[in-house]
Amino acid sequence: MALLDTRKEDIEHHLSKYPDKRSAIMPLLYIAQEEYGYITEEAMQEIAELLDVDITHVKGVVGFYGMYYDKPKGKYLLYICTDLPCALRGAEEFSQHVCEKLGIQPGETTPDGIFTVENVMCIGACHRAPVMQVNFHFHENMDEEKADQLIEDLRREVKATEPYRSE
Amino acid sequence: MAHILLRELDIPNIKDIDVYLAHEGYQGLRKAIAEHTPDEVIDIVKASGLRGRGGAGFPTGVKWGFVPKDVFPKYVAVNADESEPGTFKDRQLMENNPHQVLEGALICAYAIQAEAVYIYIRGEYWDIADWLDEAIEKARARGFIGENILGSGWSCEIYTHRGAGAYICGEETALLESLEGKRGHPRLRPPFPASVGLYGKPTVINNVETLANLPYILDKGAEAYRQFGTEGSPGTKIFCLSGHVNNPGNYELPFGGETTLRKLIFELGGGTRSGKPVKGILPAGASGAILPATDEVLDTPLDYESLRPFGSSLGSASLIILDESVNMAWAANKMIHFFSHESCGQCTPCREGTYWLRRLYERLERGEADLYDVETMKNIAAQMLGKSICALGDFATNPVLGTIQHFGEDYEAVLGGDGSGDASPDEKEAAATEAAAD
């Protein structure tokens with residue numbers, strides 16, 4: 001199914017915002033990522049055709065920006081800021097705890113495909129560290145207990161929505 | 001003192017357009033359009049002395065004045081890419097007082113007669129972009145955005161545009177490149193964006209906090225605005241306080257006068273969490289040189305110029321406080337890691353310089369560096385200064401040179417190595433593996 005079939009309205013909305021349609025590349029990449037979990041080769045090709053640019057240009061943009069993924073990632077993308085201000089408030093230990101809890105290293109995805117953890121640069125929540133984002137939504141003033149609870153809740157959510165998934 | 005910017009602290013729920021309207025909301029825009037020509041608005045902003053809050057402190061009205069009158073269309077880009085480590089002020093404005101930001105952007109757009117405003121907001125502020133979109137629709141429904149705004153004959157749209165995790169896009173020309181659907185590589189200047197900006201058209205790029213000052217200035221006048229702050233740095237500033245303090249957060253204070261690091265750290269910030277003395281202060285996030293916490297530094301009234309004698313700058317006032325438990329070489333390593341990650345890769349001195357600095361700091365962290373490596377760090381920094389298109393390469397030298405200058409003993413404390421300056425056997429092996437993988 002092409003993006004234009006499933007997200008026509010959103011795509012047209014973004015195209016209408018700019019005098020040059022190439023500007024819509026970033027919002028369209030986000031749409032592709034929402035639809036497929038990551039930005040597939042086919043989606044890049046479709047976006048290139050929609051915007052009248054070469055697919056090389058699309059790939060260049062995908063590669064440049066940290067929030068675009070051209071490979072499958074976990075259903076829940078956990079960003080943990082371990083930059084200086086957060087590190088001064090225990091973020092590195094916090095990240096280590098989350099990784100141990102999930103049995104993976106930063107940058108890795110759990111074998112069941114549910115979680116990817118990334119240690120990221122400053123995300124603008126230094127005053128509420130440790131901070132974590134789940135699919136770009138903030139969870140602030142975190143501690144190990146809250147993280148454990150959040151991970152359990154997200155696991156339960158996956159089970160509820162995908163009962164066929166075996167662990 | 002009532003707040004000019006963080007007004008939700010005085011007026012709860014000011015993010016609601018009705019509450020905002022009940023408290024002089026959109027009065028600045030109304031007055032600008034009803035009582036002044038676009039040029040007069042520029043003159044008022046010049047007279048107010050408002051300076052850009054993104055870090056450079058350039059006079060806002062002067063920046064607007066560079067825009068040619070006879071070239072159309074024109075654009076406004078709002079820099080909401082807030083990504084400097086230790087900065088979280090624009091976010092609070094957009095979350096809690098979004099209409100003041102929109103009103104400020106509209107005043108700017110009216111002054112230069114722009115036909116569209118693009119709010120470039122960092123992708124990690126995902127929800128905030130959605131809330132801004134809602135606020136835009138509310139403002140449109142009241143006639144502040146769209147066709148023939150307030151009967152002026154002038155039309156303007158506002159759109160949000162999400163970034164995608166690239167610090168460099170906070171640099172204004174990289175932001176424009178990104179808005180044009182490209183990799184965020186800063187442009188060579190001249191020409192400056194005021195004449196050749198977005199899509200090659202005249203463009204003003206202003207920071208969120210800068211714009212949030214404008215409704216007050218247009219509503220109450222330049223003189224009223226100048227009652228706050230100093231002659232050279234008028235108005236109030238949001239100080240972002242983070243790190244080893246009890247009460248981190250945003251604090252809005254007038255420039256100069258009683259606004260000092262001592263007041264921010266000990267009075268408002270409640271001192272350090274550990275109770276240990278403050279060792280160093282990063283006044284401008286990772287981009288400004290570190291300051292040792294001497295009495296002289298702590299008691300200096302803060303404005304755009306006052307930290308210069310100490311070899312640093314106020315930048316966007318992102319104060320990261322470090323107590324005595326911190327080894328400053330470790331802190332520099334964190335910052336170099338940041339710059340190495342965020343260098344866009346366009347200019348060789350910055351791309352390679354930050355890469356090699358990172359390697360040297362990792363060697364230091366492993367206890368394998370010697371004095372020769374510290375000298376190499378300084379040499380690399382010297383080779384980066386002034387040699388790149390944008391300021392990132394320059395900023396990246398600050399953590400290195402600042403910490404070595406003020407906290408050289410911290411480096412000595414972690415030195416190891418055999419004094420030859422050569423790589424350790426482990427490192428040679430790692431380099432060989434890396435080369436083989438390439």
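Everything numeric in this text was worked out from a predicted model, so none of it was measured.

Trainee: Please explain a nonpolar patch on the surface as it appears in this structure.
Mentor: Residues and elements named next belong to chain B. Together, Phe58, Val62 and Phe66 give the surface a local cluster of nonpolar side chains, amounting to about 270 Å² of exposed area. Along the chain, Val62 falls in helix H4 (residues 60–65). Val62 gets classed as partly exposed once you look at its relative accessible area, which sits at 31%.

Trainee: Can you walk me through the sheet that holds strand E3 (residues 157–162) of chain B in this structure?
Mentor: Paired through backbone hydrogen bonds, the strands of a sheet run either parallel or antiparallel to each other. Residues and elements named next belong to chain B. Strand order in the open sheet made by the four strands is E3-E2-E1-E4, with parallel pairing throughout. Edge positions in the open sheet fall to E3 and strand E4 (203–207), since each of these has one partner strand only. In this sheet, adjacent strand axes meet at a mean angle of 20° when their direction is disregarded. Its contacts with the sheet put helix H6 (residues 98–112) on strand E1 (75–80), strand E2 (116–121), E3 and E4, and the angle it makes with E1 is roughly 150°.

Trainee: What's the story with the side chain of His97(A) in this structure? I'm lost.
Mentor: Residue and element names in this part refer to chain A. With respect to the helices and strands, His97 occurs in helix H7 (residues 91–102). By relative accessible area, His97 is classed as buried at 19%. Those residues in contact with His97 that sit more than four places away from it in its chain are Glu144 and Asp148.

Trainee: What's the story with the domain arrangement of chain A in this structure? I'm lost.
Mentor: Each assigned domain of chain A is listed with its residue range as follows: domain 1 (2–64) and domain 2 (76–161). On a C-alpha basis, the centres of domain 1 of chain A and domain 2 of chain A stand 28 Å from each other.

Trainee: Just to check I follow, could you spell out the pattern of salt bridges for this structure?
Mentor: Oppositely charged side chains are able to pair whenever their charged atoms sit close together. Residues and elements named next belong to chain B. In total, this model carries 43 salt bridges over all chains according to the counting rule given. Asp39 is the partner of Lys69 in a salt bridge, and the nearest nitrogen-oxygen pair spans 3.0 Å. Here Lys69 is found in the loop between H4 and E1, whereas its partner Asp39 is found in helix H3 (residues 38–48), with 30 residues between them in sequence.

Trainee: Which parts of the structure should I look at to understand empty space enclosed by the protein?
Mentor: Rolling a probe over the atoms, with the probe sized like a water molecule, indicates the empty space that remains. Applying the stated rule across the entire model yields two cavities of 30 Å³ or more. Put simply, the largest cavity is a space of about 80 Å³. Split into classes, the residues belonging to the lining of the largest cavity amount to eight nonpolar, five polar and no charged.

Trainee: It is not clear to me how the interface of chain A and chain B should be interpreted in this structure. Could you clarify?
Mentor: Accessible area lost upon the coming together of the parts is a frequently used measure of interface size. In this assembly, 41 residues from chain A lie in contact with 57 residues from chain B. For the pair chain A and chain B, the two sides together bury roughly 3,900 Å², of which 60% comes from carbon and sulfur. Taken as a group, Phe64(A), Leu88(A) and Arg89(A) account for 18% of the area that chain A buries against chain B, more than any other trio of residues on that side. Scanning the region where chain A abuts chain B turns up two salt bridges. With a closest N to O distance of 2.6 Å, Arg91(B) and Glu140(A) form a salt bridge. Connecting chain A to chain B are 25 residue pairs in polar contact (both at pLDDT 80 or more). Mapped onto the side of chain A that touches chain B, the elements with two or more residues apiece are helix H2 (8–17), helix H3 (25–36), helix H5 (55–64), helix H6 (84–87) and strand E4 (137–139) of chain A.

Thresholds applied
- Numbering of residues starts from 1 in every chain and runs along the sequence as written.
- Labels follow written order: the first chain is A, the first ligand is 1, and so on.
- It should be noted that, the model being predicted, local features are given only for residues of pLDDT at least 70 and side-chain atom pairs only at 80 or more, the latter also being counted only at that level, while totals for whole chains, interfaces and linings use all residues.
- Note that the side-chain values use all heavy atoms of the structure and ignore hydrogens as well as water.
- Patch rule: a residue counts if its relative accessible area is over 30% and it has no salt bridge; like charges are joined within 9 Å, and nonpolar side chains (Val, Leu, Ile, Met, Phe, Trp, Tyr) within 5 Å.
- Surface accessibility follows the Shrake-Rupley procedure with a 1.4 Å probe radius. Residue values consider only the protein chains on display as shielding.
- The rule for a salt bridge is simple: a side-chain nitrogen of Lys or Arg has to be within 4 Å of a carboxyl oxygen of Asp or Glu.
- Labels follow the DSSP assignment, with helices taken as runs of H or I lasting at least four residues and strands as runs of E lasting at least two, numbered in each case from the N terminus.
- Burial classes follow relative accessibility: with a 1.4 Å probe on protein chains only, a residue under 20% of its type's maximum area counts as buried, one over 50% as exposed, and anything between as partly exposed.
- Any two strands between which DSSP finds at least two bridges are classified as paired.
- Axis geometry follows a simple rule: fit a line to the C-alpha atoms, using only the stretch in contact for helices, then measure angles between N-to-C directions, giving values from 0 to 180 degrees.
- Two residues qualify as a contact provided that any one of their heavy atoms is within 4.5 Å of a heavy atom in the partner residue.
- How far each domain reaches was decided by an automatic or database domain assignment.
- For cavity detection a 1 Å grid was placed over the protein atoms alone, and a set of points counts as a cavity when a 1.4 Å probe fits there but cannot get out; an open set counts as a pocket when protein lies on both sides within 12 Å along at least five of seven lines, with lining residues being those that have an atom within 4 Å of a point.
- Grid points are joined across faces, edges and corners, and a volume is the space filled by probe spheres set on the points.
- Residue polarity follows a fixed list, in which Ala, Val, Leu, Ile, Met, Phe, Trp, Tyr, Cys and Pro are nonpolar, Asp, Glu, Lys and Arg are charged, and the others, Gly among them, are polar.
- Values labelled buried area give the accessible surface lost by two parts on being combined, using a 1.4 Å probe and summing over both.
- Polar contact criterion, stated in full: a pair of N or O atoms within 3.5 Å, where within protein one must be able to donate a hydrogen and the other to accept it, and residues adjacent in sequence count only if both atoms are side-chain atoms.

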